[in-house]
Amino acid sequence: AVGKTSSATPTLPTNNANGPTIVMTANGTLTMAADTTGTPIQQVVHALEASKNIFTFKVSEGTNAEDLKINALYLGVLNSGSNLNQFTLWDTSVSPAVKVAGPVDANNGEVRFSNSAGLVTVLKGVSAKVLSVQANSSDAGTLTPGSPVISGVTYTEYIGISSGTRIRLSGGVTNAVMGRT
């Protein structure tokens, strides 16, 4: 550019001043899958059994972007005999297994595990964490022979630890059938 009356050409500063820097972080992605080795495909549940494993699944961070903290995990339970109660969530990827949440009872076919401080942390670049849901069976008077129990994750809320991004997933993503009682 040249000045109209002065015919002078301005000189630009030699050091470019940069504004604030914004760092974008990649969001982590939670991956869930039924654990085919730990989920019972068919089993018998007897009256008054405690801590019966009904569903086992794996969670992992699928993009190797960041560690994730799972704050809420809801499980749909179709239990036509209504003979299961006192559901608990366990981290079985460690030995001995650690109880993460519960006991809670099903309400309208849904079991809700939640903790704002986090139920479990899923680390990036580490093999899948294995979680198991256990339940107690009620007394002999309410067991219904041949009644199936079907369970699956219906809602998950997790937070990326480095990005702070909160993700809420709704809808059944993993299903398993627990034999007949």
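Whatever comes next refers back to the structure up there.
Small disclaimer: the values here were computed from a predicted structure and weren't measured.

K.L.:
Account for the overall build of the protein, naming residues and giving values.
P.N.:
When helices and strands are counted, the protein shows zero helices and ten strands. In the protein, the succession of α and β elements from N to C terminus is β-β-β-β-β-β-β-β-β-β. For the protein, the share of sequence-separated contacts (at least 6 apart) that also reach a separation of at least 24 residues comes to 76%. Accessible surface for the protein amounts to roughly 10,200 Å². Of this, 52% is attributable to carbon and sulfur atoms.

K.L.:
I'd like a rundown of the nonpolar core, residues and numbers included.
P.N.:
Ranked by size, the top nonpolar core spans 27 residues in total, and within it F87, L89 and V133 carry the most contacts. The leading source of residues in this core is strand β3 (residues 68-79), at five residues. Those residues in contact with F87 that lie beyond four places of it in its chain are I54, V77, G102, P103, V104, D105, A106, V111, F113, V133, Q134 and A135.

K.L.:
Can you tell me about the pattern of salt bridges, naming the residues and giving the values?
P.N.:
Throughout the structure, instances matching the rule amount to five salt bridges. Among the ionic pairs, K129 bridges to D91, the shortest N-O distance being 3.0 Å. Pair noted here: K129 is in strand β8 (residues 129-137) and D91 is in strand β4 (residues 84-91), with a separation of 38 residues, a long-range link. A salt bridge links R166 to E157; its shortest N-O distance comes to 2.7 Å. One continuous salt-bridge network, built from bridges that share partners, spans E157, R166 and R168.

K.L.:
An account of the sheet that holds strand β1 (residues 30-34) is requested, with residue identities and associated values reported.
P.N.:
Read from one edge to the other, the open sheet built from five strands follows the order β1-β2-β8-β4-β5, with strand pairing classed as antiparallel. Looking at which strands have only one partner, the edges of the open sheet turn out to be β1 and β5 (98-104). The average angle at which neighbouring strand axes cross in this sheet is 25 degrees, direction not considered. As defined by bridge partners, β4 adjoins β5 across four bridges and the pair is classed as antiparallel. Within β5, the position partnered with W90 by the bridge is K99.

K.L.:
Lay out unusual backbone geometry in plain terms, naming residues and giving numbers.
P.N.:
Of the consecutive residues S95 and P96, the connecting peptide bond is found in the cis state with omega at 0 degrees. Examined against the element boundaries, P96 turns out to sit in the loop between β4 and β5. Note the cis peptide between G102 and P103, where omega equals 10 degrees. By the secondary structure assignment, P103 is in strand β5. Positive phi, close to 60 degrees, is recorded for N64, a residue that is not glycine.

K.L.:
Please give an account of the side chain of Q134 that cites residues and values.
P.N.:
Positionally, Q134 belongs in strand β8. A polar contact is formed between the side chain of Q134 and the side chain of W90, at a distance of 3.2 Å. Filtering out sequence-adjacent residues up to four positions away, Q134 remains in contact with S51, K52, N53, I54, Q86, F87, T88 and W90.

Rules used throughout
Residues numbered from 1 in each chain as written. Predicted model: local features only at pLDDT ≥ 70, side-chain atom pairs only at ≥ 80, totals over all residues. Heavy atoms only, no water. Helix = DSSP H or I, 4+ residues; strand = E, 2+ residues; numbered from the N terminus. Contact = heavy atoms within 4.5 Å. Areas by Shrake-Rupley, 256 points an atom, 1.4 Å probe, with all protein chains shown as cover. Core = buried A, V, L, I, M, F, W, Y, C linked by side-chain atoms within 4.5 Å. Buried < 20%, exposed > 50% of the residue type's maximum accessible area, 1.4 Å probe, protein only. Salt bridge = Lys/Arg side-chain N within 4 Å of Asp/Glu carboxyl O. Pairing = 2+ DSSP bridges. Axes fitted to C-alpha atoms, helices over the stretch in contact; angles between N-to-C directions. Polar contact = N/O pair within 3.5 Å; in protein donor to acceptor, adjacent residues only side chain to side chain.

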